[in-house]
Amino acid sequence: MLTLRNVSKTYPSAQGPVHVLRGIDLDLPAGQTLALTGESGSGKSTLLHLAAALDAADGGEIVVAGQSLVGMGDSARAQLRRERIGLVFQQFNLVPSLKVRENLAFQARIAGRHDPAWVESLTQKLGLSKLVDRYPEQLSGGQQQRVAIGRTLACRPNLILADEPTGNLDEETSDAVLKLCLDLVEQTGSAFLMVTHSPRLAGLLGRRIHLSAGRLA
Amino acid sequence: MKRHLWTLAVLLSHWRRRPFQLMTLVIGLAVATALWSGVQALNVQARQSYDQAARLIGGDAFASLRPTNGTNFEQALYVTLRRAGWDVSPVIEGDVRIADRSIRIVGIDPVTLPQGAGPITRDALDDGPETADGSGESRAVRLLTAPSLALGDAETVAALGGVDTRPTLGNGGQLPPLVVATSLPPETLVTDVGVAQALLDQPGRLSRLILTAAPETRSQSLADLTGGALERVEPDDQGDLERLTDSFHLNLTAFGFLSFLVGLFIVHGAIGLAFEQRRPMLRTMRACGVSARALTAVMLLELTTISALAGIIGTVAGYVIASALLPDVAASLRGLYGARVAGELSLQPSWWLAGVAISVIGALVAAGSSLYRAWRLPLFATAQPEAWAGAEARARRWQLAAAVFLAAIAIGVLLQASGLVAGFVLMGSVLLAAALLLPSALVGLLAIAQRLVRGPVAQWFFADARQQSGGLSLALMALLLALAVNIGVGTMVDSFRQTFTGWLDQRLAAELYVGARDPARAADIADWLETRNDVDAVLPVWDAETRYRGFPVEVFGFSNHPTYSDHWPLLASLPDAWSEAEAGRAVLISEQLARRFALAPGDPIDIAAPGGDWDGTVAAIYSDYGNPRGQVMIAVDELVARFPHAERGNFAVRVAPEAVDTVMDDLTAAFGAGTVEVVDQRTIKDISQRIFDRTFAVTLALNTLTLIVAGIALLASLLTLADARLPQLAPLWALGLTRRRLAAMELIKAATLALLTALLAIPLGLAVAWILTNVINVEAFGWQLPVYAFPEQWLRLIVLALITAIAAAAWPALSLRRMPPTKLLKVFADER
């Protein structure tokens, strides 16, 4: 589902170019889960952004759901994100002016594949049934992240990319949210790549890789 | 498509959660549009009236023969020309008073009137045989047969009593039955030429001849046939009125534009704030698969929809404003230029569409930077307060650079350019440069204050005010502009009022002003007055009209009397100006004429006159405020000799003050109220003062509206920023400051910013006043004014600015004071 071949990324800086990623090779087939760990500044988030078609690599090739991102324009990248990729952020990134119910359906509607029954099922599985008429600001951090996961799964993406999805949650809530997420991923058959600092959480996923100074260890 | 609609729905959800912000945006756009559209409606309405007046009876389509001097000529000349083969049609025009209204009477000859000579033939006379008496005769026929008809527009006919009524004139005459005709200018009645001559008390005289065709073979020239009494004037589709009133309308447009600009400050602020608040939402949408192009397109659609709705509201409000101001505008135009403007608005659909379009265009201009930022929005940037501070500092640097650039333009215009448009460019550059400098000036002043104070809370107060000034900068700029323009216009108007009052005292030195119905009566009245012991002098106020290098000029005859030499407001003169003028060797000219043709005392001047052109010297220049035409004063004997048809019905009478009432009563009793009109000095000054006040009523009304708009801008900014202020205030609350104290400090902070802005507005306002009086007035009206300072006016505006700021900050402060601790705690929860 996700393939990276010899991917590199460099950012300019006042002290000269910073090589964030160097020759990354990675395969993540459908239905598999992968934890990406590494120190701060090791390039984890950059790798995630490249895989999510949010940014373009300087070298190498990235293929998502059979489509190469090389030379892909903004509209095509947006379409790929809409239809194939689901993103879960550490900051939840819910739309503050939409109610939980609307946030859950948000991406699916944009993708044109809104399935009310599936959203209802997700709502129940995520324990959000009583919260659907609330606004994000009226929810706890764990509840907001459950909404964010529901929003991602609602459009049945082929690839889910999560950037420290439990970074703002306590340990107990983190475990509960991640377990729920992995259960649902298993049900949908999506590929799941999660960036995390926590070895404990990384251990809950099927595979684990470590990034150091822009290279896979 | 569905995807875009959903994206739009998500964007709109922001407004659902922040209705006040949406209201701010709509109000900003609506008031900006309202003031602009209102002013445009006034201009359009006035120009429609000018066009109708210019088109009336062939003014725009046919050449005409007009008297070379004076306003009318002997009807015998018409007969002479017809006999010589000239295809001409007679017209007489003049004003009469009917029930306190001044009505223009136009007399025509339906038989010789050419087809296409203005709306009168096309619409009015061909309106068909719709007669009240059912006689079935066409209007052309009824016009020719007694008692004839008087055709007027619906508004005028209704005001005079309605169709088929026959109102009585001030001079005792009676109008023919009134009939409604379309396309006629307001306060104008068209009737048969013979009837009009009687109504105007000018038997056997005409104002002009419409020239359809001159004979192909001419044995005698026009000058030979008429003895030089008539000259050919080519058709003019603009008309004197439109030319004369251009400055007035440019002034109105400038104020309308300023109000529009101040309104756009609100819009820019509201849209900018909405963008910042929606930045995370936009980023999320982009991350979820909405392309930059689609997102920008949908934002554009959202903005266009909102601005179109606001435009409709604004245009309707503009109509209401224009309706309310129209009577004053009409009075100003009449007082200044003698122009007749309809008292009711009749606007084309294009005006309504233009109102909505200006709202949409204004919103797009105000939102340009936000839309660009949405288009270029980085997808995964995180919130960086330091970067924000840096961006604000960068913005201030750009503003400083733009201000320097505008200041350079202002200096360049001041030194090199001339003309009315250059005057407005100068004023616009100065105002915008000052507005752009304001944020830096405020930050500088607050930084100085922060260094001067000791306590930590006081230091925080100024530091926080400095930080808050960034968010309020647009509203404060709007306030600065509104206050400066108020001070500038207020100073100009009050300086003018002070000058005008003094000038009136000089010009209206006589105790009584007498007007007779005809020259024969005037002579009788003068003789009667001369016999009275309580009358010191009877001074003729006689005048004629001519042109100097194409510019309309009034020639005014004065007699040898100290009333003139003691009182007349001379601006510059030769040492023996009065004696030279009394001797017929020199003239005195008005400031307008002097400025227009760069004439100075000692310069030669030649004045065209039917009794022989007159060559003399300019002996002095005097101020003649409010007169769009030029004026020349010559000795009354010279006037009579050179202008045989000069108007000789008016006198100024010097009377012992205690005898004023007696003379007035005796005069009226001796000659009858219908024959003589007597006005005392006090009354005529009151009338002049009222005209003055009405002239500036529109300017002052627009000024006040602009200040209200600036108040709304400040209120809107403070209210929309209220939530954003919590992260700054919550830590202080946590450190031990009470909500009450914090609320009080918020109030004082808003007042401090408004006070500093108001203080900076004073020098800017004085600069505006200087530009208005020394550049724009001179270009627009031809006279210059001394500028006086009115500190009490500044104090009033400072207090007003403080009240506005405190009122605007009151609600957020009150909310803060009543805010439950849980909401303040949430600030810390959100920071986890």
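Fair warning: this is a prediction, and the values are worked out from it, not measured in the lab.

A. Fine view of the interface of chain A and chain B. Facing the 27 residues of chain A at the interface are 23 residues of chain B. Across the chain A-chain B interface, the total number found is 3 salt bridges. The salt bridge involving Arg286 of chain B is made with Asp74 of chain A; its shortest N-O contact spans 3.2 Å. Seen at the junction of chain A and chain B, the total is 11 residue pairs in polar contact (both at pLDDT 80 or more). When residues of the side of chain A that touches chain B are traced back to their parent elements, those giving at least two are α2 (74-84), α3 (100-111) and α5 (141-153) of chain A. By residue number, the principal contributor to the side of chain A that touches chain B is α2 of chain A, which donates 6 residues. The class makeup of the residues in the side of chain A that touches chain B is 11 nonpolar, 8 polar and 8 charged.

B. A look at the packing of α3 of chain A against α5 of chain A. All names here are of chain A. With their axes 6 Å apart at the nearest point, α3 and α5 run at an angle of 35° to one another. α3 and α5 meet at a crossing whose hand is right-handed. Side by side, α3 and α5 meet where Val100, Asn103, Leu104, Phe106 and Gln107 of the first sit next to Val147, Gly150, Arg151 and Thr152 of the second. Along the lines of polarity and charge, the residues of the contact of α3 with α5 split into 4 nonpolar, 4 polar and 1 charged.

C. Representation of the environment of Arg215 of chain A in the model. All names here are of chain A. With respect to the helices, strands and loops of the structure, Arg215 is situated in strand β10 (residues 215-216). Between the C-alpha atoms of Arg215 and Gly43, which are 172 residues apart in sequence, the distance is 8.4 Å. Among all residues touching Arg215, those that are not within four sequence positions of it are Arg22, Ile24 and His210.

D. A look at empty space enclosed by the protein. All names here are of chain B. According to the stated counting rule, one finds 2 cavities of 30 Å³ or more in the structure shown. For the largest cavity, the calculated volume is near 120 Å³. Forming the walls of the largest cavity are 13 residues, and the residues nearest its centre are Ile271, Arg278, Met299, Glu302 and Leu303. When contributions to the lining of the largest cavity are tallied by element, the ones reaching two or more residues are α9 (239-287), α10 (292-337) and α11 (349-375). Residue composition of the lining of the largest cavity, grouped by class: 10 nonpolar, 1 polar and 2 charged.

E. Inspection of the pairing of strand β12 (residues 535-540) of chain B at higher detail. Residues and elements named next belong to chain B. Counting buried positions along β12 yields 5 of 6 residues, so the element is predominantly enclosed. Here β12 pairs with strand β20 (residues 650-655) via 5 bridges, running antiparallel. By the bridge assignment, Val538 is partnered in β20 with Val653.

F. Inspection of the packing of aromatic side chains at higher detail. The final tally for this structure, using the stated rule, is 15 aromatic pairs over all chains. Sitting over the face of the ring of Trp118 of chain A, Arg156 of chain A holds its NZ or CZ atom 4.5 Å from the ring centroid. Across the ring face of Tyr135 of chain A, the terminal group of Arg17 of chain B is positioned such that the distance to the ring centre comes to 3.4 Å.

G. Region of interest: the pairing of β20 of chain B. Residues and elements named next belong to chain B. The buried fraction of β20 is high, at 5 of 6 residues. Note that strand β11 (residues 512-516) and β20 share 4 bridges and pair antiparallel. When the bridges of β20 are listed, Tyr513 appears paired with Ala652.

H. Highlighting helix α24 (residues 791-818) of chain B. Residues and elements named next belong to chain B. In a regular helix each residue adds 1.5 Å, so 28 residues correspond to 40 Å; α24 covers 40 Å between its end C-alpha atoms and thus fits that length. Most pronounced at Ala810, the bend in α24 amounts to some 40°, and the proline Pro812 follows within four residues. Of the positions making up α24, those classed as buried are Gln793, Trp794, Leu797, Ile798, Ala801, Ala805, Ala808, Ala809, Pro812, Ala813 and Leu816.

Thresholds applied
Residues numbered from 1 in each chain as written. Chains lettered and ligands numbered in written order. Predicted model: local features only at pLDDT ≥ 70, side-chain atom pairs only at ≥ 80, totals over all residues. Heavy atoms only, no water. Contact = heavy atoms within 4.5 Å. Salt bridge = Lys/Arg side-chain N within 4 Å of Asp/Glu carboxyl O. Polar contact = N/O pair within 3.5 Å; in protein donor to acceptor, adjacent residues only side chain to side chain. Helix = DSSP H or I, 4+ residues; strand = E, 2+ residues; numbered from the N terminus. Nonpolar A, V, L, I, M, F, W, Y, C, P; charged D, E, K, R; others polar. Axes fitted to C-alpha atoms, helices over the stretch in contact; angles between N-to-C directions. Left-handed = near helix turned anticlockwise from the far one by under 90°. 1 Å grid on protein atoms, 1.4 Å probe; cavity = no way out; pocket = protein on both sides within 12 Å on 5 of 7 lines; lining within 4 Å. Points joined across faces, edges and corners; volume = space filled by probe spheres on them. Buried < 20%, exposed > 50% of the residue type's maximum accessible area, 1.4 Å probe, protein only. Pairing = 2+ DSSP bridges. Phe/Tyr/Trp six-rings, centres within 6.5 Å; stacked < 30°, edge-to-face > 60°. Lys NZ or Arg CZ within 6 Å of the ring centre and 35° of its normal. Expected span 1.5 Å × (residues − 1). Bend = angle between axes of the 7 residues up to and from the residue.

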